[in-house]
Amino acid sequence: MSIPNHILDQLNSQADLVGIIGKHTTLKRAGKEFKGNCPFHGEKTPSFYVNPQKNVYNCFGCGVSGNAIKFLREYENQTFMEAVQELSRQTGIEIPKEDNKDLRYKRSAKPTPTAPAPSWTGNGKGLNDTHTAATTPHSGQTNGLATNTTSVADAPPAYFDEDSYFNLDSAPPSYWDMGDTPGDNLGYDSGFTDMPPSNFGGQATIEQDGNLYELLIQIGQFYQNNLRNNLHAMAYFTERGLTDATINEFGLGYAPTGWQHLEEAFPQDIAGLKALGLVRQSEKGRDYDLLRDRVIFPIRDNQGRIIGFAGRALDNEVKPKYINSSDSPVFHKQHVLYGYYESRQQRANDWLVVEGYMDVIALYQAGIYGAVASMGTSINETQIARLLQMNPTLTLCFDGDSAGQKAAWRTLEVALPVLSDDKELRFLTLPGGHDPDTYIAMQGVEAMREQIKRAMPLSQYIFAYLSERYDLSLAEGKAKLMSQVRQLTNNLPKGSSFKYLLNNDIYQKLGGRKNQKNSAHDVLLDFDSDMTVSRQLELCLLFAPHLLAEDPIKRLWEVSGVADIKIPEKSIGTQQAPVATPPLPSWEDFNSPSLTQLTQTIIGLTPYLPEDTNAAAHFILANLPNGLQQNLATRWHPFWSNLNQRGIIDVDDLVDDLLTQLMLQALSKQMSQSPGLVITSHLNRQRQTLMNWLKKQQAEQSSKI
């Protein structure tokens, strides 16, 4: 059975090579590659590398190298067809049932239209308006376009020849340059270079047959020429901030308004145009062009070959706004990510999934490489797995509207089965309703980089998304949310530690007061490791001033049981003078004038505080003395931001913990200044009781975790 080379290209480029090889040897990330002991020969020092960007492997010890098909054949002893079928199951790419000649189509002259066809010629860089279009049958030319005139005998085969493919005896030694040089001789040429092959499909042009890859190149040049000749279309890109270099890099173009402009430009290639879905037939039997009066985005595969086009309407009232060319023998939407090839060319490390083609291009132009977009459909599990191989952290940037967040949630659900413990999914919703394109234009590149850096982790996104959909003031709402979280985590890979941790994290967030003390305390430590206990307490009281409505010192004194401790009467009786029971500690006893000032200010302002937490904090700060105000203000914003990013809404337990520590310090100070043994013993009992209570509280909180 013959299998077209372009199908083999897709199988090898889409295969999970790291996963395939990882079943036989432990691979660990080493920069952009994965490294491990070679499965082909015994070794103690790892010299075996897998490059997920090129999807090839190489051992510097024994010299073995290849792609996914070669590994399955040589290591797992599969036949060629077994290896192909295995990769087909893994990637979802269908193998032709019989010899696939879909890349070729019959070329035939069409009657010359009454109006003359446009005059243009392709030269690989653009079109020359002065050249007259050819209307004679093909003879080394296609409608005035210079084509590959390689003879049939010299042309590489269009279909797979198993004997020549695996006959490596006559081939030069294979190697993998780990630097900038692409892998060499790893099976067949077209699939393992970072530049598109020179003949885009490897088929010779003969009189009767055309080649879809070659036709796509020519159509792309046709669209590019039209862009340069249409001021309105060109203005669309320039007004969006694109430079000539970027327009050329992505091969952007314009489809004219005519209903048959492609047929007029390519009269001999109607069959090819229909095979690509660029020309369709109406119910009345009339052919028409799919893309009309639209700016054009060529779509490239992983090898850089044009495989289709997307068109965006210039008039925002025209629906649909975007149209992609149909699936064809060379274009399968579910296997393609727009911008993937260009990002690979720039050796992107940080990958970002966005919604629009212009977002991809704007990020690329700004030097933020790694942005990709799906072909009008949801990104699939295989594509996510591939991006997570490139980098274990993948960021999803979707609009903040309902449609955008639904798309983000669907992507989350799709990603869970491939989200192993060493992989991370993050979510970015840009402020002000912006998408990356408009945000970069308004705020600049560095602001965009900062937004990406601060993207929300998956655990926080799940809670934020679901908490808007359930009434968490009711036990029923909490139960529904928790049920959905459990359903989600059941889709994580078997043995996932993240499954337990995520369920527990959400459970704690739903638990109210006794769930967030440790997280809030981590915020304080991350923020400023030199802060004293009293300074930490000051920030917590700014965050939760309502805690001073009831005297927290008195409350802790009572709930801990310290208030019940009395001086024994027999001890009093031995004294010549009555023994006065020491009073409970006050804010003044904590040796922190700033804490005392803050608590007094909050208590005085309580009736006037805004309901919004941040607004209330700023209202309090405005009423503090200048020195204290400045000291707290510089710390407040980072503290507040970190709490929000971690989803912390409750610092009550942390306040109790910090306040208890200060009370223990105050009791120790009183003991050191005690006038007699009876008072010292009494204070020691109070201190011990308070300490035991604190340990008990901490143990109970740990047991819940």
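The structure this text deals with has already been given above.
Residues numbered from 1 in each chain as written. Predicted model: local features only at pLDDT ≥ 70, side-chain atom pairs only at ≥ 80, totals over all residues. Heavy atoms only, no water.

Engineer: I would appreciate a short explanation of the overall build of the protein chain in the present structure.
Structural biologist: Along the protein chain, the regular secondary structure elements total 28 helices and 21 strands. A burial count over the protein chain gives 51% of its 705 residues as buried. At a minimum sequence separation of 6, the contacts of the protein chain that also span at least 24 residues come to 68%. Approximately 33,000 Å² of the protein chain is accessible, and the part contributed by carbon and sulfur atoms is 50%. (Helix = DSSP H or I, 4+ residues; strand = E, 2+ residues; numbered from the N terminus. Buried < 20%, exposed > 50% of the residue type's maximum accessible area, 1.4 Å probe, protein only. Contact = heavy atoms within 4.5 Å. Areas by Shrake-Rupley, 256 points an atom, 1.4 Å probe, with all protein chains shown as cover.)

Engineer: Explanation requested: the sheet that holds strand E10 (residues 253–255) in the structure shown.
Structural biologist: Across a sheet, paired strands are connected by hydrogen bonds in the backbone, their directions being either parallel or antiparallel. The strand order across the open sheet built from four strands is E10-E13-E14-E15, with neighbouring strands paired in antiparallel fashion. Among the strands making up the open sheet, the edge pair consists of E10 and strand E15 (322–324). Adjacent strand axes in the sheet meet at a mean angle of 35° when their direction is disregarded. Relative to E15, strand E14 (residues 306–313) is paired through three bridges, and the arrangement is antiparallel. Its bridge partner lying in E15, Ala310 is registered against Asn324. Contacting E10, strand E13 (294–300) and E14, helix H6 (residues 212–228) runs over the sheet at an angle of about 30° to E14. (Pairing = 2+ DSSP bridges. Axes fitted to C-alpha atoms, helices over the stretch in contact; angles between N-to-C directions.)

Engineer: How do you make sense of the side chain of Gln268 when you look at a structure like this?
Structural biologist: Examined against the element boundaries, Gln268 turns out to sit in the loop between helix H9 (261–265) and helix H10 (270–275). Assessed through its relative accessible area of 3%, Gln268 is described here as buried. Side-chain polar atoms of Gln268 contact the side chain of Arg107, separated by 3.0 Å. (Polar contact = N/O pair within 3.5 Å; in protein donor to acceptor, adjacent residues only side chain to side chain.)

Engineer: Help me understand helix H4 (residues 80–91), please; the structure alone is not making it clear to me.
Structural biologist: Helical geometry: 3.6 residues make up each α-helical turn, so side chains three or four residues apart lie on a common side. End to end, H4 covers 16 Å across twelve residues, agreeing with the expected 16 Å (1.5 Å per residue, within 8%). Every buried residue of H4 is accounted for by Phe80, Ala83, Val84, Leu87, Ser88 and Thr91. Taken end-on, H4 shows its buried residues confined to a sector of 140°, consistent with a single buried face. Gly92 sits one or two residues past H4 and shows a positive phi near 85°. (Expected span 1.5 Å × (residues − 1). Arc of directions from axis to C-beta.)

Engineer: What exactly am I supposed to notice about the sheet that holds strand E19 (residues 393–397) here?
Structural biologist: If you walk across this open sheet you meet the six strands as E16-E18-E17-E19-E20-E21, and the pairing is mixed. If you trace the sheet from one side to the other, it starts and ends with strand E16 (337–338) and strand E21 (456–457), each paired once. Here five bridges tie E19 to strand E20 (residues 424–428), and the two strands are oriented parallel to one another. Bridge assignment links Leu396 to a residue of E20, and that residue is Phe427. Most of the contacts of helix H13 (residues 381–390) go to E19, to which it runs at about 125°, and overall it touches E16, strand E17 (351–353), strand E18 (371–374), E19 and E20.

Engineer: Explain unusual backbone geometry to me, please; I cannot follow it from the model alone.
Structural biologist: With the exception of glycine, the majority of residues adopt a negative phi angle, and the majority of peptide bonds are in the trans configuration. A cis amide bond, omega -5°, links Lys319 with the succeeding residue Pro320. You can see Pro320 is positioned in the loop between E14 and E15. Here the phi dihedral of Asn55 falls at roughly 60°; this positive angle occurs in a residue that is not glycine. One non-glycine residue, Arg347, adopts positive backbone phi at about 50°. By the secondary structure assignment, Arg347 is in the loop between helix H11 (340–345) and E17.

Engineer: Help me understand the packing of aromatic side chains, please; the structure alone is not making it clear to me.
Structural biologist: Each aromatic ring pair is summarised here by two numbers: the centre-to-centre distance and the angle between the ring planes. Using the criterion set out here, one finds 31 aromatic pairs in the structure. Taken together, a centroid distance of 5.2 Å and an interplanar angle of 85° make the contact between Tyr223 and Phe309 edge-to-face. Residue Tyr223 is found in helix H6, and its partner Phe309 is found in strand E14; the two are separated by 86 residues along the sequence. According to the relative accessible area criterion, Phe309 is buried, its value standing at 0%. Every member of this aromatic cluster is reached through a ring pair, and the members are Tyr236, Phe237, Phe250, Phe297, Tyr322, Tyr338, Tyr357, Tyr364 and Tyr369. Across from the ring centre of Trp259, 3.9 Å away, lies the NZ or CZ of Arg292, which sits over that ring. Geometry around Tyr465 places Arg469 over its ring, the cationic atom sitting 3.5 Å from the centre. (Phe/Tyr/Trp six-rings, centres within 6.5 Å; stacked < 30°, edge-to-face > 60°. Lys NZ or Arg CZ within 6 Å of the ring centre and 35° of its normal.)

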